Structures are given as structure tokens and as C-alpha cells.
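# Structural description and commentary
Residue strings, one per chain:
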Amino acid sequence: QVQLVESGGGLVQAGGSLRLSCACSGRAISSHTMGWFRQAPGKEREFVAAITWNDRTYYGDSAKGRVTISRDNAKNTVYLQMNSLNPEDTAVYFCAAQRGMSPTTKNDYPFWGQGTQVTVSS
């Protein structure tokens, strides 16, 4: 069983940066596609970024150019570096894992963390 724990969220001013972390236990992330999604109040959970087991990266339109996903297999941790944050980025950010190769499809991720809140003030 894969367990995921996100950290690194918080309150930041517009234009600032945050780095989210997702620590994985139970399985090696090197054999999984790892994704980040976010959900704002009253909105659908949307795709932010993903990295496959062979290090291909994918980014959602809303954050493309401002976020970078990376992984440290030795630490079994995935990161999401977010820059130039704006109030529209305010959401709960979730880490997810799958063994498949459909990185942008949230319904194909069976394993999810509890989420970390990111709040961007104007």
C-alpha cells in the first residue's frame, strides 16, 4: 500500500514561491507515476503536474511555466516548486501515485495524500 504525506504549504504573498514535498512510504516512487493536483473551494480537482517513472514531466495549463516537478528516489519524495504565485493558485494541493501511464487523469490515480493548503494573498 502506498502512503503519501504532503508538506510545505502555507501562506505566501503574491509573487512569492513555495516548494511542496510529498513523502512516500510503502512503495518506491521510482516505479510510479507521481502527480500533483489542486482543488480550490467549489471547484473540481485539477491537474497541476506529473512525473513518470522514466522522468517524463507533464504540466497543466494553469501552472505551466511557473511550476517544476521533480523527484528524489533516494528520499522517496516528490517535489513541486511553485514560483510567481498569484491568488488564483490558492487551493489544497494533493499528491497522488499510480503504476500506470496516464499522468494527467485524476481518476487513474488510486493513491492520494491528505493535501496541503496553499494560500496566496494579494
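About the cut-offs
Residues numbered from 1 in each chain as written. Predicted model: local features only at pLDDT ≥ 70, side-chain atom pairs only at ≥ 80, totals over all residues. Heavy atoms only, no water. Helix = DSSP H or I, 4+ residues; strand = E, 2+ residues; numbered from the N terminus. Pairing = 2+ DSSP bridges. Axes fitted to C-alpha atoms, helices over the stretch in contact; angles between N-to-C directions. Salt bridge = Lys/Arg side-chain N within 4 Å of Asp/Glu carboxyl O. Buried < 20%, exposed > 50% of the residue type's maximum accessible area, 1.4 Å probe, protein only. Phe/Tyr/Trp six-rings, centres within 6.5 Å; stacked < 30°, edge-to-face > 60°. Lys NZ or Arg CZ within 6 Å of the ring centre and 35° of its normal.

## Side note on the environment of A74
Within the secondary structure, A74 sits in the loop between β7 (67-72) and β8 (77-82). Distance in space between the C-alpha atoms of A74 and A28 is 9.2 Å, their sequence separation being 46 residues.

## Remarks on the sheet that holds strand β3 (residues 18-25)
Taken together, the four strands give an open sheet; going across it, the order is β1-β3-β8-β7, and neighbouring strands pair in antiparallel fashion. In this open sheet, the two edge strands, each paired with only one partner strand, are β1 (3-7) and β7. On average, each strand axis in the sheet is tilted by 15 degrees relative to the strand beside it, whichever way the strands run. As defined by bridge partners, β3 adjoins β8 across six bridges and the pair is classed as antiparallel. Within the sheet, the bridge partner assigned to S21 lies in β8 and is Y79.

## Structural notes on the pattern of salt bridges
Scanning all chains against the criterion turns up four salt bridges. As a salt-bridge pair, D89 and R38 come within 2.8 Å of each other at their nearest N and O atoms. With D89 in the loop between β8 and β9 (91-98) and R38 in strand β4 (residues 33-39), the pair connects residues that are 51 residues apart, well separated along the chain. As far as the burial class goes, D89 and R38 line up, both buried. Residue D89 is joined to R66 by a salt bridge in which the shortest nitrogen-to-oxygen separation is 2.8 Å. Here D89 is found in the loop between β8 and β9, whereas its partner R66 is found in the loop between β6 (57-59) and β7, with 23 residues between them in sequence. Through salt bridges with shared partners, one network takes in R38, E46, R66 and D89.

## Overview of unusual backbone geometry
We note that N76 has phi near 55 degrees; this positive angle belongs to a residue other than glycine. Relative to the elements of secondary structure, N76 occurs in the loop between β7 and β8. The backbone of S84 shows a phi angle near 50 degrees, a positive value even though the residue is not glycine. Note that S84 resides in the loop between β8 and β9.

## Considerations on the packing of aromatic side chains
Tallied over the entire structure, the rule returns five aromatic pairs. Taken together, a centroid distance of 6.4 Å and an interplanar angle of 80 degrees make the contact between F94 and W112 edge-to-face. Taken together, the residues span a long stretch of sequence, with F94 in strand β9 and W112 in strand β10 (residues 111-112) at a distance of 18 residues. A residue is classified by how much of its surface remains accessible, and F94, at 10% relative accessible area, is buried. Ring-pair connections join several aromatic residues into one group, and the members of that group are F37, F47, F94, Y109 and W112. Here R19 stacks its cationic end above the ring of Y79, 4.2 Å away from the centre of that ring. Positioned over the ring face of W112 is R45, at 4.8 Å from the centre of the ring.

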